[in-house]
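So you can see what is in the structure, the chains are spelled out below.
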Amino acid sequence: MNHSEKELSILEKIHKSKNSIKQRDLAKIAGLSLGMTNAILKRLVEKGLITIKKVNNRNIVYAVSPQGIEEVSARSYKFFKRTIKNVVIYKEAIDGIIKETKAKGFTKIYLIGKSDMDFILEHMCSKNHMHYSNGEVSPMNEPGLFVIYSESINKDSTKIKEENSYYLKDIIT
């Protein structure tokens, strides 16, 4: 996580907390050290993205400024755009794999393992008139079956022939 992502994480945590949140809790929620959280909070104050109000000797209240809310929105929008762009790239790659698979005479796609791209795979199978199913274990030697391994499956642990399978990890890398 780079500085910008750490700042955004802290900003979002403060913005989402309805009550005051302690620095130690912020650090824990954001997965950062207390020192790093402190440094980020100081930077956010200097940038005018948050305000700090001392309630008493032991309690401090953090609030996201209007400029901070704009920053969270802008960064979230950039993240959203990047995510959509990646979905389009994966969709096109998966579409190509399915078309190539169909051209080789396969009629069924079976996804093994959990995947963040399963909805794309299922949609592209439907679009290309291919049967789609998924699960944790591969059906053995079913005619017309092409196996796709999710990005969570270790390539070395599989026993299916390479010409009858594909690894989603190969799209990601």
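Residues numbered from 1 in each chain as written. Predicted model: local features only at pLDDT ≥ 70, side-chain atom pairs only at ≥ 80, totals over all residues. Heavy atoms only, no water.

**Some remarks on the side chain of Asn128**
- Its location among the elements puts Asn128 in the loop between α5 (118-127) and β4 (131-135).
- Side-chain polar atoms of Asn128 contact the side chain of Asp95, separated by 2.8 Å.
- Ignoring anything within four residues of it in the chain, the contact list for Asn128 reads Asp95, Ile98, Lys99 and Lys102. (Helix = DSSP H or I, 4+ residues; strand = E, 2+ residues; numbered from the N terminus. Polar contact = N/O pair within 3.5 Å; in protein donor to acceptor, adjacent residues only side chain to side chain. Contact = heavy atoms within 4.5 Å.)

**Here's the deal with the sheet that holds strand β6 (residues 165-167)**
- An order of β4-β3-β5-β6 is seen for the 4 strands of this open sheet, with the pairing classed as parallel. Both edges of this open sheet fall to β4 and β6, since each of them pairs with a single strand only. Within the sheet, the average angular offset between the axes of one strand and its neighbour, ignoring direction, is 20 degrees.
- Relative to strand β5 (residues 145-149), strand β3 (residues 108-112) runs parallel, the two being bridged by 5 bridges. (Pairing = 2+ DSSP bridges. Axes fitted to C-alpha atoms, helices over the stretch in contact; angles between N-to-C directions.)

**As for the nonpolar core**
- Counting residues in each nonpolar core, the largest one holds 18 residues, and the members touching the most others are Ile94, Ile98, Ile109, Leu121, Ile148 and Leu168.
- Where this core is concerned, the elements lending two or more residues are α4 (66-103), β3, α5 and β5.
- If we ignore the near neighbours within four places in the chain, the residues touching Ile94 are Met117, Ile120, Leu121, Met124, Leu168 and Ile171.
- Judged by nonpolar contacts, the second largest core, of 16 residues, contains Leu8, Ala30, Leu32 and Val64. (Core = buried A, V, L, I, M, F, W, Y, C linked by side-chain atoms within 4.5 Å. Buried < 20%, exposed > 50% of the residue type's maximum accessible area, 1.4 Å probe, protein only.)

**Comments concerning the pattern of salt bridges**
- Taken as a whole, this structure holds 7 salt bridges when the rule is applied.
- As a salt-bridge pair, Glu7 and Arg75 come within 3.4 Å of each other at their nearest N and O atoms. With a gap of 68 residues between them, Glu7 in helix α1 (residues 3-16) and Arg75 in helix α4 connect regions that are remote in the sequence. Summarising the burial analysis for this pair, Glu7 and Arg75 share the class buried.
- In this structure, Arg75 and Glu71 form a salt bridge, with 2.5 Å as the shortest nitrogen-oxygen distance. Of the two residues, Arg75 and Glu71 are both situated in helix α4; the distance of 4 residues between them amounts to about one turn of the helix.
- Glu71 sits in the partly exposed class, given a relative accessible area of 24%.
- Each of the salt bridges in this network shares a partner with another, and the network as a whole consists of Glu7, Arg43, Lys47, Glu71 and Arg75. (Salt bridge = Lys/Arg side-chain N within 4 Å of Asp/Glu carboxyl O.)

**Some points on the confidence of the model for the protein chain**
- The pLDDT averaged across the protein chain works out to 85; a share of 90% of its residues lies at or above 70.
- The spread of mean pLDDT over the elements of the protein chain runs between helix α6 (residues 169-172), the lowest at 77, and α5, the highest at 94. (pLDDT = per-residue confidence, 0-100.)

**Considering the side chain of Glu7**
- Under the relative-accessibility criterion, Glu7 is labelled buried at 2%.
- In terms of polar contacts, Glu7 uses its side chain to reach the side chain of Lys47, at 2.8 Å.
- For Glu7, the side chain forms a polar contact with the side chain of Arg75, separated by 3.4 Å.
- Those residues in contact with Glu7, other than ones at most four positions away along the chain, are Ile40, Arg43, Leu44, Lys47 and Arg75.

**Some details on the packing of aromatic side chains**
- Applying the stated criterion across every chain yields a total of 2 aromatic pairs.
- Where Phe106 meets Phe146, the ring centres are 5.1 Å apart and the plane angle is 70 degrees; that geometry is what we call edge-to-face. Taken together, the residues Phe106 in the loop between α4 and β3 and Phe146 in strand β5 connect sequence positions 40 residues apart. As far as the burial class goes, Phe106 and Phe146 line up, both buried.
- The interplanar angle of 15 degrees and the centroid separation of 4.8 Å between the aromatic rings of Tyr149 and Tyr167 together place this pair among those described as stacked. With Tyr149 in strand β5 and Tyr167 in strand β6, this residue pair connects regions lying 18 residues apart in the sequence. (Phe/Tyr/Trp six-rings, centres within 6.5 Å; stacked < 30°, edge-to-face > 60°.)

**Considering the packing of α4 against α5**
- Where α4 contacts α5, the two axes come as close as 9 Å, and the packing angle between them is 45 degrees. Judged by the angle between their axes, α4 and α5 are oblique. Where α4 crosses over α5, the handedness of that crossing is right-handed. Touching Val87, Tyr90, Lys91, Ile94, Asp95 and Ile98 of α4 are Ile120, Leu121, Met124, Cys125 and Lys127, all from α5.
- The residue inventory of the contact of α4 with α5, partitioned by class, reads 8 nonpolar, no polar and 3 charged. (Parallel < 35°, antiparallel > 145°, perpendicular 65-115°, else oblique. Left-handed = near helix turned anticlockwise from the far one by under 90°. Nonpolar A, V, L, I, M, F, W, Y, C, P; charged D, E, K, R; others polar.)

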